[in-house]
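Descriptive structure summary
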Amino acid sequence: MNAKANNTQSPAKIDKSDFKAAVVKHLHCTLGTDENKANNHAWWKATCAAMQEHVLEGLRKTQKTHYLNDTRAVHYFSAEFLMGRLLSNNLQNFGLFEVASGALKELGVELTDIMEQEPDMALGNGGLGRLAACFIDSLATMELPAIGYGIHYEHGLFRQEIKSGAQIERPDSWRDYGNPWEICRPESIQEVSLFGYVETKYGENGRVLKEWHPGSIVKGVPWDIPVVGYEGKTVNVLRLWQSEASDYFNWDVFNAGGYVDAQRENVQAETISKVLYPNDETEAGKELRLIQQYFFCSCSLKDIIRRYKRAHGDDWSRFADQVVIQLNDTHPAIAIPELMRILVDRAELDWDQAWGICTQVFAYTNHTLLPEALEKWPARMIEKILPRHLEIIYEINHRFMAEVDKKWPGDNAMKAKLSIIEEGHEKMVRMGHLSVIGSFAVNGVAEMHSRLVKSSLFPEFDELYPGKLTNVTNGITPRRWLKACNPSLSKLIDKKIGVDWPKDLYKLEGLAKFASNKTFQKQFMKVKLENKELLAEEIRQSLDLEVDVNAIFDVQIKRLHEYKRQHLNLLHIMALYRRILENPDYDMHPRVFIFGAKAAPGYKLAKDIIYAINKVADKINNDPRVNNKIKVVFLPNYRVSLAEKMIPASDVSEQISTAGKEASGTGNMKLALNGAVTIGTLDGANVEIAEEVGDDNIFIFGLTVEEVNELKAKGYNPLDYYYKDPEIKAVLDWLETDYFTPGKPGALVSIKQSLLDHGDPYMVLADYRSYSDAQIAVDEAYRDKERWAEMAIINTAKMGKFTSDRSIKDYVDRIWKLSPCKIEN
Ligand code: 73E
């Protein structure tokens, strides 16, 4: 067949007229409308459909090549993938953005307008889910065989509205009008068992056989989202499982067997993949969450095994050569006993052989040290939902305890400490311990975090398994986080250093030599100003608020959490306001403080902080005495697509977590890449950003981890700071009045209480003065236009290390041992 007629010629050869014809064809034949009737939504869908032709062709070639080459592949197991929008990404990666834009223009349509029609795929909470999305982008770009496995949530992270200053959660419905990228694969449906009981039988030669009689069976339906690598050669897949009632499971027969009770436990199958738990950094502890985790792990393992068996039959000896599974935190840790179950109970391998395979297949990434995020499940709950898995976990632990005894003979305290089972009034299963024991590699996500994983989270495991614990510093994809989201800066960079940087980010280093060049400084800052104008327009539209683009755009965007300390930022804003009220000539460069943050719906103080930011914003923005020196902006519904607008327009990046609490952070990298200068603590990846840009190009403040620990050991008393620093006292007392909440005194008091009565667990007051001083230094630096431009350029120039391609290279070289596989066109 004529390739052109089929419209599947290589994307490199597509021109404007081809693209136009394809869009019009889909408008007619896929959507049943025409150019005169089509609205932006229809144009968006037709454009996606035109793109999807190339995407699917790339996917087919990739899958065929991987199959023919029987490639070893990484399987990235993650309960979250925060993909955002895909049209602009896919156009960019195929090199068709300009072509599409021109083609649509000729049809009277603005590409950037129709891109706004795409709902974000918000199947994640924050950094952990976005990291997974960046990683699969890099894997495809680097032509590595990889599959992402996760859950096809019907509702992603809630949509945030702000009503009278407070957060309201609304359901997210990302596929209400159909998602043009996903493909349902009914031919690869899997079945997953739940509940029921285990029967012990005796086989030949007295072998103990375990048979799990499930109380419920659900269907897992796979939906594939193609993942297009940069330059469009490899198209990998993100496979997301949707739960459905099983038609195979016959309740009448089951009940006739006498297991009537089991029916009570039958979960509504469809509820499993209904909604993403909106908790970031907290463990939900809910039965449905465990079922979600098991559901997607079981489907994914069976999918992997089906593919393996197609090539290798029942020969398990090569499984670990072909398959590596990366566990994105402990959320998929239940995959470890599930693979053991499949190997021991189903494939009838003996325990040691099965365990040998498992411990060569799994690797685990730890993302947090926060105690409230370390997953533990009541043993009773696991027993109820997954009775066989609990037995397997006990057996793993039994054997592990023997290992511990060998290393530390007779040390029962050590056994209790390292055991997978935490004894207490309720027995709990520690998923972190299970993950470390069942994996061949364990990594933290930034140098400092990995050091803390070794020294304070798992020190004994580090002693027991030398070399198992390691670091892979996080990264971000420069394709989305610079090339696509900041086209003006990208073009300027292209002109200056060539076009190779999206695939080799260390090339940005080439900008450093122009950092003090006045002409380049002007060009760089002109782009920043244009981006600020675009964001100012967004703010106008969203909040009906005018902001001055010559002011410093100071941005804090991340989930709302006490440890991230948005309230430290807020206290400082209140202090500036107070300084201006006390001295109308208070000398500062105008600043716009911009926030974006969602709070977990059940996290009261986090919601109170959002409310406080909005109330303080109302007051300051409408107070003529402020004379526009400060504006406070809270942009609702922070999400990937909003980040793409905010990041290019930022001057200052707020990375102000308590030292030791933010494992890495990735927003810090995105902002610096786009020329924002960081004000931050020595926490997470900030430490490595500081190393790269140098002390002169970052504003570091606050206690170090060691100082935090010393102060805690000595006895931290926030009242010391309250009484010694009149500004702290004044702003905290202000929160108790009705100044910001007229007629509602005390509406903001919970923040003061958390800092004074509840011990200020994240040491906001201890770091306040140092933060305020650093902000004065920021202000001074910004006023020196040339100095600031130089700092901003250096920040962009020195971000090479933080491409997710580098992270993936680290994983590949040190953990996964994968080779690229070229896809011929
Ligand atoms: O520091 C970030 C890190 O950059 C960390 O807080 C975050 O992961 C990012 C990527 O490595 C993270 N999220 C979670 N734990 N760590 C988490 C925990 C429970 C549910 C959802 C997310």
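Just so you know, these numbers come straight off a predicted model, no measurement behind them.

Cut-offs and rules
- The residue numbers shown here count from 1 along each chain, following its written sequence.
- Only residues with pLDDT of 70 or above have their local features reported here, since the model is predicted, and side-chain atom pairs are shown and tallied only from 80 upward, although totals for entire chains, interfaces and linings are computed over all residues.
- Note that the side-chain values use all heavy atoms of the structure and ignore hydrogens as well as water.
- Domain segmentation is taken from an automatic or database assignment of domains.
- Throughout, a contact is declared for two residues whenever any of their heavy atoms are within 4.5 Å.
- Defined here as a combined quantity, buried area equals the accessible surface (1.4 Å probe) lost by two parts on assembly, summed across both.
- Between Lys or Arg on one side and Asp or Glu on the other, a salt bridge is scored when a side-chain nitrogen of the former is within 4 Å of a carboxyl oxygen of the latter.
- N or O atoms within 3.5 Å of each other form a polar contact, as long as, within protein, one can give a hydrogen and the other can take it, and as long as residues adjacent in sequence are counted only when both atoms are side-chain atoms.
- Every helix listed is a DSSP run of H or I at least four residues long, and every strand listed is a run of E at least two residues long, numbered separately from the N terminus.
- Lys, Arg, Asp and Glu make up the charged group, whereas Ala, Val, Leu, Ile, Met, Phe, Trp, Tyr, Cys and Pro make up the nonpolar group; the residues left over, Gly among them, are polar.
- Only buried Ala, Val, Leu, Ile, Met, Phe, Trp, Tyr and Cys residues count toward a nonpolar core, and they belong to the same one when joined by side-chain atoms within 4.5 Å.
- Buried, partly exposed and exposed residues are distinguished by accessible area as a fraction of the type maximum, computed with a 1.4 Å probe on protein chains only: under 20%, between the cut-offs, and over 50%, respectively.
- DSSP bridges decide pairing: two strands pair if at least two such bridges lie between them.
- A fitted line through C-alpha atoms represents every axis, and for helices the fit uses only the stretch in contact; the resulting angles, taken between N-to-C directions, go from 0 to 180 degrees.

Describing the domain arrangement of the protein
According to the domain assignment, the protein contains domain 1 (1-69 + 87-119), domain 2 (71-85 + 120-373) and domain 3 (489-702 + 762-808). Between the C-alpha centres of domain 1 and domain 2 there is a distance of 31 Å. Across the boundary between the two partners, domain 1 contributes 25 residues, which contact 26 residues of domain 2. Between domain 1 and domain 2 the total buried area reaches about 2,200 Å² when both faces are included, carbon and sulfur atoms providing 55% of it. Counting across the interface, domain 1 meets domain 2 through 1 salt bridge. In this structure, Arg85 engages Glu116 in a salt bridge whose closest nitrogen and oxygen atoms are separated by 3.3 Å. Linking domain 1 with domain 2 are 12 residue pairs in polar contact (both at pLDDT 80 or more), by the criterion used here. Elements with a minimum of two residues in the side of domain 1 that touches domain 2: α3 (40-69) and α4 (87-93). Its residues assigned to classes, the side of domain 1 that touches domain 2 comprises 11 nonpolar, 11 polar and 3 charged.

Considerations on the nonpolar core
By size, the foremost hydrophobic cluster in this structure holds 273 residues, and its most contacted members are Ile630 and Trp816. By residue number, the principal contributor to this core is helix α10 (residues 287-312), which donates 11 residues. When residues no more than four places from it in sequence are discounted, the contact partners of Ile630 are Ile573, Leu576, Tyr577, Ile580, Met588, Arg591, Phe593, Ile620 and Asn621.

What to know about the sheet that holds strand β20 (residues 552-557)
Backbone hydrogen bonds are what pair the strands of a sheet, in a parallel or an antiparallel way. The strand order across the open sheet built from 6 strands is β22-β21-β20-β23-β24-β25, with neighbouring strands paired in parallel fashion. The open sheet has two edge strands, β22 (630-634) and β25 (699-700), and neither has a second partner. Bridge analysis of strand β21 (residues 591-596) against β22 gives 5 bridges, and the strand direction is parallel. The residue of β22 that forms the bridge with Phe595 is Phe634. Relative to β22, helix α24 (residues 604-621) is tilted by about 145°, and along the sheet it contacts β21 and β22. On top of the sheet, helix α33 (residues 785-797) reaches β23 (652-655), β24 (677-680) and β25; it is set at about 85° to β24, its chief contact.

Considering the sheet that holds strand β16 (residues 421-422)
Pairing is antiparallel in the open sheet, where 3 strands are placed in the order β15-β17-β16. At either end of the open sheet lies a strand with only one pairing partner, and these are β15 (376-378) and β16. Bridge count between β15 and strand β17 (residues 428-430): 3 bridges; the pairing is antiparallel. Note that in β17 the partner of Trp377 across the bridge is Val429.

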